[in-house]
Amino acid sequence: MKKVAFFAVIALTVSCITATAQNKKSMKKVLFVVTSHDKLGNTGEKTGFWTEELAAPYYELADKGVVIDIATPLGGQPPIDPKSEDPSAATEDTKRFDADTELLAKLKNTHKLADVKESDYDAVFYPGGHGPLWDLATDENSSALIEAFYTNNKPVAFVCHSPAVLKNVKVNGEFLVKGKKVTGFSNTEEEAVGLTNVVPFLLEDALQANGAKYSKVGDWQPYAVEDGLLITGQNPASSKMVAEKLLNQLNLKK
């Protein structure tokens, strides 16, 4: 009887280990790529990533069991746009972010972009903020990473200013956005925040110059566009919509 019980325990242990391994294998992993740039042109003001655009997608995915790593061009702590920390910009997700010691610790220790590999993840997501216009838009590691995700049939998602990182991304010699339906921070929204003459380029114009089928809705209204593996959102209010579309694509790949 004791032998039977012993083997039963062994069998149960093996079964639990196997189930855990299979569960880990089935868990989706998404890479968040965040700016390292903190200077708002020549204004003397600071910029970085926009809190809502990281927090809302992060929780939308993480709460559904998605594993998330964060990378930046320089590694370590990415700069947060001070304006996104203003109480007037607060949402339930940003309040959760402010109190989330685990996520804040993860942000302090982001991976260096050059060290991450597409093969380790199921999708990539870029939060916005003005920072990406200066560093990620011209970062060769970022461009190569996006191309690798896309050509390996994995979703690539962007919100607000982060579609700017597609500026130099090509697939098979053509701009990735050519002929694709996209959105992103509009010229009228840039004018509304008074930075038309500060940013290195206007996102709406750059996407159209590369052959994208750009569309938008009214300033500050939620709007996200999906064209195959490419998902884009217009502004901070669109960040959760982008994450929802990304999650749907991940679920379809089970």
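Remember, predicted model here, so these are calculated numbers, not experimental data.

Basis of the calculations
Residues numbered from 1 in each chain as written. Predicted model: local features only at pLDDT ≥ 70, side-chain atom pairs only at ≥ 80, totals over all residues. Heavy atoms only, no water. Axes fitted to C-alpha atoms, helices over the stretch in contact; angles between N-to-C directions. Helix = DSSP H or I, 4+ residues; strand = E, 2+ residues; numbered from the N terminus. Parallel < 35°, antiparallel > 145°, perpendicular 65-115°, else oblique. Left-handed = near helix turned anticlockwise from the far one by under 90°. Contact = heavy atoms within 4.5 Å. Buried < 20%, exposed > 50% of the residue type's maximum accessible area, 1.4 Å probe, protein only. Right-handed = clockwise from strand over helix to strand, strands pointing away. Pairing = 2+ DSSP bridges. Phe/Tyr/Trp six-rings, centres within 6.5 Å; stacked < 30°, edge-to-face > 60°. Nonpolar A, V, L, I, M, F, W, Y, C, P; charged D, E, K, R; others polar. pLDDT = per-residue confidence, 0-100.

Asker: For the packing of helix H2 (residues 51-62) against helix H4 (residues 101-108), give the residues involved together with the corresponding values.
Answerer: The geometry of H2 relative to H4 is characterised by a closest axis approach of 13 Å and an angle of 120° between their N-to-C directions. In terms of axis orientation, H2 runs oblique to H4. In terms of crossing hand, the pair formed by H2 and H4 is right-handed. When H2 is examined against H4, the residues Leu 54, Tyr 58 and Tyr 59 are found in contact with a partner set consisting of Leu 103, Lys 106 and Leu 107.

Asker: Pulling in residues and values, what's your account of the pairing of strand E2 (residues 67-72)?
Answerer: Counting buried positions along E2 gives five out of six residues, so the element sits mostly inside the fold. Each parallel crossover has a hand, and the one from strand E1 (residues 29-33) via H2 to E2 is right-handed. As judged from the two bridges shared by E2 and strand E3 (residues 111-112), these two strands associate in the parallel manner. Directly across from Ala 71, in E3, lies its bridge partner His 111.

Asker: Go over the packing of aromatic side chains with me, naming the residues and quoting the values.
Answerer: Taken as a whole and assessed by the stated rule, the structure comprises five aromatic pairs. When the ring of Phe 32 is compared with that of Phe 125, the centres are 4.9 Å apart and the planes differ by 55°; the resulting orientation is tilted. Of this pair, Phe 32 sits in strand E1 while Phe 125 sits in strand E4 (residues 123-126); the two residues are 93 residues apart in sequence, bridging distant segments of the chain. The class for Phe 32 is buried, based on a relative accessible area of 0%.

Asker: Summarise the packing of H2 against helix H8 (residues 239-252); cite the residues concerned and give the values.
Answerer: Where H2 meets H8, the axes come as close as 8 Å, and the angle between the chain directions of the two elements is 35°. Judged by the twist between their axes, the crossing of H2 over H8 is right-handed. Touching Glu 52, Glu 53, Ala 56, Pro 57, Glu 60 and Leu 61 of H2 are Ser 239, Lys 240, Ala 243, Glu 244, Leu 246 and Leu 247, all from H8. Of the residues belonging to the contact of H2 with H8, the class tally is six nonpolar, one polar and five charged.

Asker: Summarise the confidence of the model for the protein chain; cite the residues concerned and give the values.
Answerer: Model confidence for the protein chain is summarised by a mean pLDDT of 92, while 90% of its residues fall at 70 or above. A low-confidence stretch, residues 13-24 (pLDDT under 50), is modelled with zero contacts involving residues beyond four sequence positions or located in other chains.

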